[in-house]
Amino acid sequence: PYLDPEVCWTGTKSGVWDIYTQRQYPEFEGWNAVSERILADDDPTNDLTPEAAQRIFMWQYRKQGEPKKPDYNIDGGFGGPVPFIGKSLGNLRFYTSFRYEQDMYLMQLSRDALTDYSSMTRLTSDITPFMKLSIWTLYGETRATALSRAGGTDYMEDVWDIADAIDRAGFTVPWRIFTNDYWCPTSRFYHTLSAKLTHLVNPSTFYEVQLKRIGKNYHTAPGPHRDSTKRYEIFEGYYVDEAPFGFEEKYTYGIVGLAMGGPISTSRDSSKIAVTSAKFDLVSQINPNNQIKTGFEFIYDDFNMSFGMVNLVLPEGNTWTTIKRSPFRLTTYLQDKLEFEGFISNLGLIMEYSDPNGDWYDVNPYDRDFYSGDYKPEDEPYISKKKAESHLTFSPRLAISHPITENSKLYFNYGHYRQMPTSESLYRVQRDIIDKVNYIGDPTIPLAKTVSYELGYDHALFENYLLHLAAYYKDISSQQDWTRYISFDGKVNYRRLTSNSYEDIRGFEIDLTKMFGRWITGNVNYEYRVGTSGYFGSGYYYENPAEQREYLRRNPVQSKPRPRPRIKSFIDFHTPTDFGIKFAGQRPLSDWHFNVIGRKTAGSWFTWNPNNIPGIEYNVQRKDYYNVDLKVTKTFPLGGVDVKFFMDAFNLFNIKHFSWSSFHDAHDYNFYMYSLHLPASISKELGYGNIPGDDRPGEYRKEGVEYQPMEWVAEVSRITEPNPRAIYYDASTEKYMQYSDNEWVEADKSEIQKILDSKAYIDMPNQTFFTFLNPRSIFFGITIGYRF
């Protein structure tokens with residue numbers, strides 16, 4: 001709308017664009033109106049003609065989206081005996097490596113790319129013929145763009161992170177796209193120092209002792225400040241600075257809808273984390289039937305975390321979190337592997353002890369003095385606290401394998417597993433600018449627990465094939481989630497970390513593997529999985545009983561089970577190592593590998609309920625996902641050097657998949673969903689008229705096809721202002737009608753069929769550049785290995 005000569009001068013509502021075109025773009029008053037408004041103010045120094053105003057717009061929106069640098073991955077290593085002194089130090093040997101990876105972002109942000117580099121060195125010495133010592137060091141840096149504007153350690157990792165951050169962002173979309181500094185640059189510095197001693201006590205017994213320290217430092221802050229020198233002449237006699245690039249603390253606006261300073265680059269993080277651990281493992285083959293494994297690991301964490309949001313223009317939204325904690329954990333285990341003729345089993349028990357190592361708040365969930373803006377930092381020492389509870393858990397493990405014949409076996413696996421929440425959420429106390437709590441963790445909650453069962457059958461077929469059948473069940477309880485608490489007066493309104501969620505996962509899989517083959521090997525796997533999830537108690541707790549009852553009425557506590565079958569395959573077409581003629585010591589046609597990787601997954605289920613009708617949930621299923629990748633390799637042995645060339649082609653057939661991350665705002669999303677021809681069995685419950693069909697969310701209009709609006713009406717004769725561009729589905733006659741020459745006529749059936757076949761009626765997302773995020777990508781590389 002800012003550049004199209006049909007509307008850019010007079011505006012999108014001037015009558016040139018119909019209602020369907022208008023809703024594809026932002027509303028704009030036109031450059032004539034912009035110029036008139038500027039001329040009408042009392043400052044003659046900023047008077048602009050419509051053409052000049054448009055030229056300023058073009059400067060402020062000059063950012064180009066496409067990446068201009070390549071992705072690459074460089075990984076090299078070198079090792080061997082330490083020269084000169086190696087023999088006298090227990091045949092001391094070394095291995096050192098370096099890795100650098102650059103992954104360009106979907107578009108330019110505060111950093112162009114996610115880059116990560118690390119260097120590693122390992123020294124190994126035979127102290128005695130039965131004792132080996134290894135020392136391992138690692139240092140690395142990750143440079144990225146922060147994922148959150150409210151602080152924290154997450155950063156943009158892939159195209160989905162970026163697209164999701166812009167999806168449905170509404171009026172802030174220009175800020176996110178056309179500035180570089182909406183999100184802060186962030187860096188993570190990490191290092192590891194580890195030593196491991198391995199001692200072979202006798203031919204049947206050995207133990208390992210390992211000491212390790214891991215450190216991570218985080219730095220998130222704005223990038224370089226803006227150069228405010230007006231040294232760019234964009235038209236004769238008119239100079240501007242480098243805006244919208246560069247960080248600017250003051251609130252400055254572009255000529256149209258673009259914040260070029262103020263509420264951007266708000267994330268801050270200066271956290272430091274150190275983890276020290278000691279580990280001991282012992283393995284002993286007591287007799288031919290028993291192998292014992294036992295050991296322990298002690299982990300001590302030192303969290304010194306400080307992160308939040310700093311917005312000097314809109315400080316009421318600022319939040320900050322400070323965490324200074326030193327929790328520790330102790331894990332011990334005992335496992336016995338029993339082997340008898342026709343029977344193998346593993347019996348194990350893991351004991352886990354975790355201690356927050358400090359006090360935690362003991363206050364009423366609606367306490368105004370602690371949770372609301374009435375809180376005073378000087379009163380912190382007087383707030384009620386108590387020793388945070390430690391947790392002691394026991395997790396049994398059992399695995400049994402029983403051969404039935406020489407070609408088949410039955411097996412059974414059973415185990416309990418525990419999961420520790422992230423420290424960032426477990427110890428969080430996040431307050432806003434008036435010291436009101438927004439989020440609070442809880443180190444006393446129980447650890448998430450998974451109880452897993454698996455029953456399987458393996459059968460070797462025709463010497464080269466393995467058939468695998470398995471059924472499984474996973475019961476997950478005490479999953480972490482965020483529960484909201486709201487007081488009578490609304491002064492208390494925060495989210496607390498709880499462990500109220502649960503999930504049941506059950507299914508079966510069939511797997512066929514061709515393990516050996518002169519020309520073909522591979523695997524095909526089919527899995528049928530069903531999941532049910534929910535929560536105990538409530539996701540919201542209102543101090544007002546009436547509000548609580550209304551919430552419980554509208555929000556079920558359990559989702560319905562929805563199956564999502566999937567099939568995946570890996571087929572390796574290869575040429576034998578002795579295939580083809582020999583030329584110059586090489587066989588050019590031998591040892592080629594063409595790995596074809598295919599996958600199809602049933603679409604996920606979600607809720608489409610625009611009119612908030614009680615009882616409707618998970619009622620529509622997205623289109624199925626399917627994809628094919630290809631990996632090609634060929635190795636040339638050249639004496640002591642192996643040279644391997646490879647090519648990786650992702651999305652080989654360039655299949656388009658709807659991203660769900662390209663909507664401008666909620667209205668844009670609704671227009672897309674309303675335009676779909678969902679099955680009548682779904683749409684009749686949604687409370688709006690819908691043209692029946694067999695569409696599933698994720699359908700898209702064919703490339704190059706112009707949008708043809710179609711609308712459902714109860715009866716066309718009731719329409720007071722029909723749009724000549726639209727085709728109306730008359731529900732009373734089940735016919736497609738058009739308004740032409742002041743009368744209703746039935747639309748041509750052959751033309752209707754073309755529209756339906758091309759999906760021309762689908763109102764696509766407005767941010768078309770993010771609609772498909774998985775184009776075919778081809779990478780070429782070379783690996784060189786030396787054997788000295």
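(A) Quick peek at the packing of helix α2 (residues 31-39) against helix α3 (residues 50-60). Taken N-terminus to C-terminus, the directions of α2 and α3 make an angle of 105°; their axes are 8 Å apart at the nearest point. With respect to their mutual orientation, α2 and α3 come out roughly perpendicular. Across from W31, N32, V34 and S35 in α2, the residues of α3 making contact are P50, A53, Q54 and F57. Of the residues that constitute the contact of α2 with α3, the class distribution is 5 nonpolar, 3 polar and no charged.

(B) Representation of the environment of N289. By the secondary structure assignment, N289 is in the loop between β10 (272-287) and β11 (290-309). Counting along the chain gives 48 residues from N289 to K337, while the straight-line C-alpha distance between them is 7.8 Å. Those residues in contact with N289, other than ones at most four positions away along the chain, are K337, L338, E339 and F340. A distance of 2.8 Å separates a polar side-chain atom of N289 from the backbone oxygen of E339.

(C) Region of interest: the sheet that holds strand β35 (residues 735-740). If you trace the 4 strands from one edge of the open sheet to the other, you get β33-β34-β35-β36, paired in mixed fashion. Only two strands of the sheet have a single partner each, and these edge strands are β33 (710-713) and β36 (743-746). Geometrically, the sheet is characterised by an average inter-axis angle of 35° between neighbouring strands, direction not taken into account. Where β35 meets β36, 4 bridges bridge the pair, whose relative direction is antiparallel. Counterpart to Q738 in the pairing with β36 is V745.

(D) Summary view of the packing of aromatic side chains. Enumeration according to the criterion identifies 63 aromatic pairs in this entry. Ring geometry for F298 versus F328: centroids 5.9 Å apart, planes at 35°, classification tilted. One end of the pair, F298, is in strand β11; the other, F328, is in strand β13 (residues 328-340), with 30 residues separating them in the sequence. Note on F298: relative accessible area 34%, which makes it partly exposed. Here the aromatic cluster, defined as three or more aromatic residues joined through ring pairs, consists of W360, Y361, Y366, F370, Y371, Y375, Y485, Y494 and Y541. R23 extends its terminal NZ or CZ atom over the ring of F671, reaching a point 4.0 Å from the ring centre. A cation over an aromatic ring shows up here: R431 above the ring of F370, its NZ or CZ 4.8 Å from the ring centre.

(E) Structural context of the pattern of salt bridges. What the rule picks out here adds up to 30 salt bridges. In this structure, D374 and K491 form a salt bridge, with 3.0 Å as the shortest nitrogen-oxygen distance. Of this pair, D374 sits in the loop between α6 (368-371) and β16 (385-387) while K491 sits in the loop between β22 (465-486) and β23 (493-514), and the two are 117 residues apart along the sequence. When its relative accessible area of 33% is taken as the criterion, D374 is described as partly exposed. Assessed through its relative accessible area of 36%, K491 is described here as partly exposed. Among the salt bridges present, the one from E380 reaches K385, with a minimum N-O distance of 3.5 Å. A residue is classified by how much of its surface remains accessible, and K385, at 33% relative accessible area, is partly exposed. A network of salt bridges, in which partner residues are shared, links R368, D489 and E543.

(F) Structural view of the nonpolar core. Counting residues in hydrophobic clusters, the biggest one holds 40 residues, and the most contacted among them are W31 and I166. Setting aside residues no more than four positions away along its own chain, I166 makes contact with M107, V173, R176, I177, W183, F663, Q767 and F770. Within the second largest apolar cluster, 28 residues are counted, among which are L678, I682, I691 and M764.

(G) Region of interest: a negative patch on the surface. Together, D71, D103, D154, E157, D158 and D164 give the surface a local cluster of negative charge. Here D103 lies in strand β2 (residues 93-104).

(H) Quick peek at the side chain of Q60. In this structure, Q60 sits in helix α3. At 2.8 Å, the side chain of Q60 and the backbone nitrogen of I255 are in polar contact. Residues contacting Q60, with those up to four places away along its chain left out, are F178, P244, G254, I255, L258 and M260.

(I) Empty space enclosed by the protein, seen in detail. One pass over the full model with this rule turns up 1 cavity of 30 Å³ or more. Around the largest cavity sit T142, A144, T153, Y155, T186, S187, R188 and Y218, which together line it. At the level of elements, β4 (131-145) and β5 (185-202) are the ones that each hand at least two residues to the lining of the largest cavity. Looking at the lining of the largest cavity element by element, the count peaks at 3 residues for β5. In terms of residue class, the lining of the largest cavity is built from 3 nonpolar, 4 polar and 1 charged.

What counts as what
- Residues numbered from 1 in each chain as written.
- Predicted model: local features only at pLDDT ≥ 70, side-chain atom pairs only at ≥ 80, totals over all residues.
- Heavy atoms only, no water.
- Axes fitted to C-alpha atoms, helices over the stretch in contact; angles between N-to-C directions.
- Helix = DSSP H or I, 4+ residues; strand = E, 2+ residues; numbered from the N terminus.
- Parallel < 35°, antiparallel > 145°, perpendicular 65-115°, else oblique.
- Contact = heavy atoms within 4.5 Å.
- Nonpolar A, V, L, I, M, F, W, Y, C, P; charged D, E, K, R; others polar.
- Polar contact = N/O pair within 3.5 Å; in protein donor to acceptor, adjacent residues only side chain to side chain.
- Pairing = 2+ DSSP bridges.
- Phe/Tyr/Trp six-rings, centres within 6.5 Å; stacked < 30°, edge-to-face > 60°.
- Buried < 20%, exposed > 50% of the residue type's maximum accessible area, 1.4 Å probe, protein only.
- Lys NZ or Arg CZ within 6 Å of the ring centre and 35° of its normal.
- Salt bridge = Lys/Arg side-chain N within 4 Å of Asp/Glu carboxyl O.
- Core = buried A, V, L, I, M, F, W, Y, C linked by side-chain atoms within 4.5 Å.
- Patch = residues over 30% accessible without salt bridge, like charges linked within 9 Å, V, L, I, M, F, W, Y side chains within 5 Å.
- Areas by Shrake-Rupley, 256 points an atom, 1.4 Å probe, with all protein chains shown as cover.
- Lys, Arg positive; Asp, Glu negative; His and termini not counted.
- Charge placed at Lys NZ, Arg CZ, Asp CG, Glu CD.
- 1 Å grid on protein atoms, 1.4 Å probe; cavity = no way out; pocket = protein on both sides within 12 Å on 5 of 7 lines; lining within 4 Å.
- Points joined across faces, edges and corners; volume = space filled by probe spheres on them.

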